[in-house]
Amino acid sequence: MSKGKNFLVGVFDEEEILMEAIPKIRKEGVKIHEVYTPYPVHGLDEALGYSPSNLPVGAFIFGLTGTICALTMMIGMLGLDWPMDIGGKPYIPLPAFIPITFEVTVLFSAHGMALSFLIVAGLKPWGTDKVVIFDKRSTDNKFVMAINVDKNHNLDNTKLTSILKSNGAAEISTKTIA
Amino acid sequence: MQVTSSVRPPLVTGGKTIADVTADVCRPVETLPSKSWLVGFTVALIVFSFGFYCVCTLLWEGIGVWGLNKTVNWAWDITNFVWWIGIGHAGTLISAILMLFRQKWRTSINRAAEAMTIFAVMAAALFPVLHMGRPWVGYWNFPLPNAFGSLWSNFNSPLLWDVFAISTYFSVSLVFWYLGLIPDFATIRDRATTKIRQKIYGALSFGWDGSAKTWSRYEAVCLVLAGLSTPLVLSVHTIVSMDFATSVIPGWHTTIFPPYFVAGAIFSGFAMVLTLMLITRVLFKLEDYITIEHIESMNKIIVLTGSIVGIAYLTEFFIAWYSGVPYEKYAFINRAFGPFFWAYWSMMTCNVISPQLFWIRGIRRSILWTFILSIIVNIGMWFERFVIIVTSLHRDYIPSSWSDFNPTLYDAGVYLFSFGLFFTLFLLFAKYFPVINMAEVKSILKSSSKNDHK
């Protein structure tokens, strides 16, 4: 075998064929590296055994940080640092602080979560030439399954190919990644 | 490939396959600009340049070149601001609120509508910034310690709430829009036939590979962003309305303003989406994606929000009489029968009467009627803000301060500048970015197929 990681790439034509194939392929004891699809296929993450993302929890924590920051800022500035008499209202008029508190909460939550997403998914505008695309058609109309041959010691290449073929893969190729 | 449901009309017509979606949406990006695009872009640039001259004059001479005076100290500037912000609301409504309601028809129009939101908010933000007179000290809006001590900005003021609301709205909309664009940029990157295009769209796509794990996270993020954007969009126009509602000016000091402004915003926003989409679908041959069904759905929202706005106008009038406050009564009678009666009745005709035509199915499904009415609605919504702002101000409490308002060339010029900016950006977007969210449209192509009902 050549150096680097060896992959077997199966190309599926239809979402349904792919969705039927995944549980069968996994049942054969094949460890699927990843599946690449042109659009979000519902139920695909469950079929592959992925747990739901924790990003919404992150969004909540970021939002809470925003709430605390906004209130601390306004109470600190207008209430403690330099109290101002504005129309005879209290120095800390909480109802008047609601709009900005809300906006800052949303600001922190949305940006915090979007940034966390980009980081955990490894998405960044630089170094994009190095990204591995198994089959370019996976962003057009094909559903691509990559199997890391080296991680499936119990099954050899021919066996893996026949499993893919019998489960509906239209094309099968090998790919080595440095 | 596409199986039609017997109950609902298909969302995408013409029996498109997934590959067709890619080809149709990428075509404008991958081919040379069409003649009509070039003509449109040139016109937009000319308007932009003339507007730019007016903005430069305004900055050089000061806001005295506008028609404002001591009594009418807010006029076209704030009218345009509220008008553009309102237009922006439709994009977020389509991408966030309709997403939460699982309205699948939104997928064909959400990309362009969100782009419209972003450019409209940019056009809107121009006006408060220019009205400062000295935009270079605009950072004084932010809570920074003042140079002579620690006097902070006034967090009780709706004008400051606006700063926070608009900045949050703009940046969150931009992020939401861009996240949606990433998978589609990857599609263009993978189809690229030239090295430069591959490099540019490769960088724009952030190295997206479409893996199941990333899609799963992506969907989680989009859902939460939609959940956050929904109250955000409602808060933005609520706060804009509070710029008026918290001041003690007859005609402004009303609690009905927040819901009334939000409904008006969605009303005018959908009208603008229709104006733009009716042109875009023909220009880029996207009639199979933006169908008569889409147009009809949007027209239904227009008739709903238009009626809410109509009821708000009548409620205002009733309350002015019922409150027994002489100033309030006078403000409303003056609106309808005073020197600006023509603006008031233009508003009533355009916003209350004309959208009622959409109760007729034939008109709702007619492209020509929709196009004409969408423009009429936008004219009406501009007059609504003009009526609220100018007629409430021009008759002050003391008759000796009563005044008139006459716009100057620079009032019109800066308004034109915002149009130039908006259309230049929108045309650039339509040419270089995928105008339809390919990934989402692909995901709904088969939603009416038999495989879905297993």
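Since this is a predicted model, take the numbers as computed values, not measurements. (Residues numbered from 1 in each chain as written. Chains lettered and ligands numbered in written order. Predicted model: local features only at pLDDT ≥ 70, side-chain atom pairs only at ≥ 80, totals over all residues. Heavy atoms only, no water.)

Quick word on the overall build of chain B
No. 1: Tallying secondary structure elements over chain B gives 15 helices and 0 strands in all.
No. 2: Against the compact-globule benchmark of 22 Å for 454 residues, chain B has a radius of gyration of 23 Å, which places it among compact chains.
No. 3: Its C-alpha atoms put chain B at 75 × 55 × 40 Å along the principal axes.
No. 4: A total of 454 residues make up chain B; the buried ones form 60% of that total. (Helix = DSSP H or I, 4+ residues; strand = E, 2+ residues; numbered from the N terminus. Rg over C-alpha atoms; globule rule 2.2 N^0.38 Å. Buried < 20%, exposed > 50% of the residue type's maximum accessible area, 1.4 Å probe, protein only.)

Some words on the interface of chain B and chain A
No. 1: Taken residue by residue, the interface counts 59 residues in chain B and 62 residues in chain A.
No. 2: Taken over both partners, the interface formed by chain B and chain A buries close to 5400 Å², and the fraction arising from carbon and sulfur atoms is 68%.
No. 3: The three residues of chain B that bury the most area against chain A are Phe155(B), Asn156(B) and Phe206(B), which together make up 12% of that side's buried surface.
No. 4: Along the contact surface separating chain B from chain A lie 1 salt bridge.
No. 5: Across the salt bridge formed by Asp129(A) and Lys199(B), the nearest N and O atoms sit 3.1 Å from each other.
No. 6: At the boundary of chain B and chain A, one finds 18 residue pairs in polar contact (both at pLDDT 80 or more).
No. 7: Among the secondary structure elements, those contributing two or more residues to the side of chain B that touches chain A are helix H1 (18-30), helix H5 (158-191), helix H6 (195-204), helix H7 (212-245) and helix H15 (438-444) of chain B. (Contact = heavy atoms within 4.5 Å. Buried area = accessible area lost by both parts, 1.4 Å probe. Salt bridge = Lys/Arg side-chain N within 4 Å of Asp/Glu carboxyl O. Polar contact = N/O pair within 3.5 Å; in protein donor to acceptor, adjacent residues only side chain to side chain.)

Some remarks on unusual backbone geometry
All names here are of chain B.
No. 1: Of note, Phe 206 is a non-glycine position whose phi angle comes to about 60°, a positive value.
No. 2: Among the secondary structure elements, Phe 206 is positioned in the loop between H6 and H7.
No. 3: You will see that Lys 285, though not glycine, has its phi angle at about 55°, which is positive.
No. 4: Tracing the sequence through the fold places Lys 285 in the loop between helix H8 (257-283) and helix H9 (292-323).
No. 5: When its relative accessible area of 61% is taken as the criterion, Lys 285 is described as exposed.

Looking at the pairing of strand E3 (residues 143-148) of chain A
Residue and element names in this part refer to chain A.
No. 1: Of all 6 residues in E3, 6 are buried; the element is thus mostly enclosed.
No. 2: Residues Phe 143, Met 145 and Ile 147 line one face of E3 and the alternating positions Val 144, Ala 146 and Asn 148 line the opposite face, and both faces are buried.
No. 3: As paired elements, strand E2 (residues 34-36) and E3 share 3 bridges and run antiparallel to each other. Its bridge partner being in E3, Glu 34 is matched across the sheet by Ala 146. (Pairing = 2+ DSSP bridges.)

Considering the sheet that holds strand E4 (residues 171-177) of chain A
Residue and element names in this part refer to chain A.
No. 1: One open sheet accounts for 4 strands, arranged E2-E3-E1-E4; its pairing is antiparallel. Each edge of the open sheet carries a strand with a single partner, namely E2 and E4. With strand direction ignored, the average angle separating the axes of adjacent strands in the sheet is 25°.
No. 2: Helix-sheet contacts for helix H5 (residues 157-166) involve strand E1 (5-12), E3 and E4, and the interaxial angle to E1 is about 20°. (Axes fitted to C-alpha atoms, helices over the stretch in contact; angles between N-to-C directions.)

Some details on the packing of aromatic side chains
No. 1: Tallying each qualifying case throughout the model produces 60 aromatic pairs over all chains.
No. 2: On the basis of an interplanar angle of 90° and a centroid distance of 6.5 Å, the ring pair of Phe97(A) and Phe155(B) is categorised as edge-to-face. Of this pair, Phe97(A) sits in helix H4 (residues 94-120) while Phe155(B) sits in the loop between helix H4 (110-131) and H5, which puts the two residues in different chains.
No. 3: By relative accessible area, Phe97(A) is classed as buried at 1%.
No. 4: Between Phe340(B) and Trp342(B), the ring centres sit 6.0 Å apart and the planes meet at 50°, which makes this aromatic pair tilted.
No. 5: Given a relative accessible area of 41%, Trp342(B) falls into the partly exposed group.
No. 6: Seen from the ring of Phe332(B), Arg335(B) lies directly overhead, with NZ or CZ sitting 4.4 Å from the centre. (Phe/Tyr/Trp six-rings, centres within 6.5 Å; stacked < 30°, edge-to-face > 60°. Lys NZ or Arg CZ within 6 Å of the ring centre and 35° of its normal.)

Observations concerning a nonpolar patch on the surface
Residue and element names in this part refer to chain A.
No. 1: Nonpolar side chains collect at one region of the surface, where Val 57, Phe 60, Ile 61, Leu 64 and Ile 68 lie side by side and expose about 520 Å² of accessible area between them.
No. 2: Structurally, the position occupied by Leu 64 is in helix H3 (residues 55-81).
No. 3: The exposure class assigned to Leu 64 is partly exposed, which follows from its relative accessible area of 44%. (Patch = residues over 30% accessible without salt bridge, like charges linked within 9 Å, V, L, I, M, F, W, Y side chains within 5 Å. Areas by Shrake-Rupley, 256 points an atom, 1.4 Å probe, with all protein chains shown as cover.)

Some details on the packing of helix H3 (residues 76-100) of chain B against helix H13 (residues 367-394) of chain B
All names here are of chain B.
No. 1: Between H3 and H13, the least distance of the axes is 9 Å, while the angle of their chain directions is 135°. Relative to H13, the element H3 lies oblique. Classified by chirality, the crossing of H13 by H3 is right-handed. Across the interface between the two elements, Trp 76, Ile 78, Thr 79, Asn 80, Val 82, Trp 83, Gly 86 and Ile 87 of H3 pack against Asn 378, Met 381, Trp 382, Arg 385, Phe 386 and Ile 389 of H13.
No. 2: When the residues that make up the contact of H3 with H13 are grouped by side-chain class, the tally is 9 nonpolar, 4 polar and 1 charged. (Parallel < 35°, antiparallel > 145°, perpendicular 65-115°, else oblique. Left-handed = near helix turned anticlockwise from the far one by under 90°. Nonpolar A, V, L, I, M, F, W, Y, C, P; charged D, E, K, R; others polar.)

Thoughts on the pattern of salt bridges
No. 1: On inspection of all chains with the given rule, the structure shows 16 salt bridges over all chains.
No. 2: Residue Glu171(A) is joined to Arg137(A) by a salt bridge in which the shortest nitrogen-to-oxygen separation is 2.8 Å. Taken together, the residues span a long stretch of sequence, with Glu171(A) in strand E4 and Arg137(A) in the loop between H4 and E3 at a distance of 34 residues.
No. 3: Residue classification places Arg137(A) among the partly exposed positions, given a relative accessible area of 28%.
No. 4: When salt bridges that share partners are traced, they join Lys16(B), Asp24(B), Arg27(B) and Asp288(B) into one network.

What to know about the confidence of the model for chain A
No. 1: Looking at chain A as a whole, its pLDDT mean stands at 89, while 98% of the residues score no less than 70.
No. 2: Mean pLDDT across the secondary structure elements of chain A bottoms out at E4(A), with 85, and peaks at H4(A), with 95. (pLDDT = per-residue confidence, 0-100.)

Quick word on the side chain of Ser418(B)
Residues and elements named next belong to chain B.
No. 1: Take Ser 418: it is sitting in helix H14 (residues 409-432).
No. 2: Residue class for Ser 418 comes out buried when judged on its relative accessible area of 0%.
No. 3: Polar side-chain contacts of Ser 418 include one of 2.6 Å to the backbone oxygen of Tyr 415.

Brief notes about the nonpolar core
No. 1: Of all hydrophobic cores here, the largest spans 187 residues; its most connected members are Phe117(A), Met145(A) and Trp84(B).
No. 2: Ranked by the residues each element gives to this core, the list is headed by H5(B), at 16 residues.
No. 3: Setting aside its immediate chain neighbours within four residues, Trp84(B) contacts Ala120(B), Ala123(B), Ala124(B), Phe127(B), Met272(B), Tyr415(B), Ser418(B), Phe419(B) and Phe422(B).
No. 4: One finds Val9(A), Val144(A), Ala146(A) and Ile177(A) within the second-largest nonpolar core, a separate group that totals 8 residues. (Core = buried A, V, L, I, M, F, W, Y, C linked by side-chain atoms within 4.5 Å.)

What about the confidence of the model for chain B?
Residue and element names in this part refer to chain B.
No. 1: Residues of chain B with pLDDT of at least 70 account for 96%, and the chain-wide mean is 90.
No. 2: Contacts for the low-pLDDT stretch residues 448-454, under 50 throughout, to residues beyond four places or in other chains number 9 contacts.
No. 3: Model confidence for the complex is summarised by a pTM of 0.92, with the ipTM given as 0.92.

Details of the environment of Tyr36(A)
No. 1: Looking at the element boundaries, Tyr36(A) is found in strand E2.
No. 2: In this structure Tyr36(A) comes out as buried when scored by relative accessible area, which is 6%.

Quick word on the side chain of Asp243(B)
Residues and elements named next belong to chain B.
No. 1: Note that Asp 243 resides in helix H7.
No. 2: Arg 385 is the oppositely charged side chain nearest to the buried, salt-bridge-free Asp 243, at an N-O distance of 11 Å.
No. 3: With sequence-adjacent residues up to four places away left out, Asp 243 is seen in contact with Trp 74, Phe 81, Pro 158, Leu 159 and Asp 162. (Lys, Arg positive; Asp, Glu negative; His and termini not counted.)

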